[in-house]
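# Secondary and tertiary structure notes
Now for the letters of each chain:
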Amino acid sequence: QKEVEQNSGPLSVPEGAIASLNCTYSDRGSQSFFWYRQYSGKSPELIMFIYSNGDKEDGRFTAQLNKASQYVSLLIRDSQPSDSATYLCAVNMRGFGNEKLTFGTGTRLTIIP
Amino acid sequence: IAGITQAPTSQILAAGRRMTLRCTQDMRHNAMYWYRQDLGLGLRLIHYSNTAGTTGKGEVPDGYSVSRANTDDFPLTLASAVPSQTSVYFCASSGNINSPLHFGNGTRLTVT
């Protein structure tokens, strides 16, 4: 089992709808969770991070963390064509720094106008 | 504009040649990292440095070396390039070892 798993997609969502991206992780000791967006040919850029169970909202983006079920998700409301990108989930283990940050392989999201 | 500068943007390199990828940040971040990104494998850590003067090995360090003489610079050297090192290389930094990463624009390296 991979340490961090994401559905590779592609995930196609109509413009204006909610896009839901999911990530599961294997290490129960994980404590820090990050979502990065990567446009084709570009570098990853941080979208959100979450440390505590529950929801964290930032504009159209909501991160949801459930440590008991070992998943973290990213919801994008009112999806726009500019949201079309690959979304990377990254998970860090308790007690370790970024040297143990593990990335998923990413989910490719396409917003259909 | 504050951020991370990587050079070169792209390079074609003959196998066996030595190559240094440059990375400079002006955010005064303590920690810096080198990743490679390959299709289907995601981002994998090559080497890291939690603070100037220290370095550590990541998941895929073989064939690569780094140095961290000061806060701003973190060059990655391929001593003798091999075709399997063909990849996109990203340098990243973070304020401390637990804070989010900021990435440079990447270097696309092709080893022939």
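In short, a report on the structure. These numbers come from a predicted model, not from an experiment.

### Some details on the pattern of salt bridges
All names here are of chain A. Considering all chains together, one arrives at 6 salt bridges over all chains under this definition. As a salt-bridge pair, glutamate 57 and arginine 77 come within 3.4 Å of each other at their nearest N and O atoms. Here glutamate 57, found in strand β6 (residues 54-58), pairs with arginine 77, found in the loop between β8 (71-76) and β9 (85-93); they are 20 residues apart in sequence, far enough to count as distant. Taking relative accessible area as the criterion, glutamate 57 reaches 60% and is therefore assigned exposed. Judged by relative accessible area, arginine 77 falls into the partly exposed class, the value being 27%. Two residues, aspartate 83 and arginine 60, come together in a salt bridge whose shortest N-O distance is 2.9 Å.

### Some details on the layout of surface pockets
Within this model, the largest pocket holds a volume of roughly 690 Å³. As for the largest pocket, its lining consists of 30 residues, of which Gln38(A), Gly41(A), Thr86(A), Gln37(B) and Leu39(B) are closest to the centre. Only β9 and β11 (107-112) of chain A together with β4 (31-38), β9 (87-94) and β11 (107-111) of chain B provide two or more residues apiece to the lining of the largest pocket. A breakdown of the residues in the lining of the largest pocket according to their chemical character gives 8 nonpolar, 18 polar and 4 charged.

### A closer look at the interface of chain B and chain A
With 21 residues of chain B at the interface, the matching set in chain A holds 17 residues. Regarding the contact of chain B and chain A, the summed buried area is about 1,400 Å², with carbon and sulfur atoms giving 56% of it. The interface formed by chain B and chain A includes 0 salt bridges. For the pair chain B and chain A, the number of links is 7 residue pairs in polar contact (both at pLDDT 80 or more). Taken together, the elements giving at least two residues each to the side of chain B that touches chain A come down to β4, β5 (42-49) and β9 of chain B. Here the side of chain B that touches chain A is composed, by residue class, of 11 nonpolar, 10 polar and no charged.

Reading the values: rules and limits
- Residues numbered from 1 in each chain as written.
- Chains lettered and ligands numbered in written order.
- Predicted model: local features only at pLDDT ≥ 70, side-chain atom pairs only at ≥ 80, totals over all residues.
- Heavy atoms only, no water.
- Salt bridge = Lys/Arg side-chain N within 4 Å of Asp/Glu carboxyl O.
- Helix = DSSP H or I, 4+ residues; strand = E, 2+ residues; numbered from the N terminus.
- Buried < 20%, exposed > 50% of the residue type's maximum accessible area, 1.4 Å probe, protein only.
- 1 Å grid on protein atoms, 1.4 Å probe; cavity = no way out; pocket = protein on both sides within 12 Å on 5 of 7 lines; lining within 4 Å.
- Points joined across faces, edges and corners; volume = space filled by probe spheres on them.
- Nonpolar A, V, L, I, M, F, W, Y, C, P; charged D, E, K, R; others polar.
- Contact = heavy atoms within 4.5 Å.
- Buried area = accessible area lost by both parts, 1.4 Å probe.
- Polar contact = N/O pair within 3.5 Å; in protein donor to acceptor, adjacent residues only side chain to side chain.

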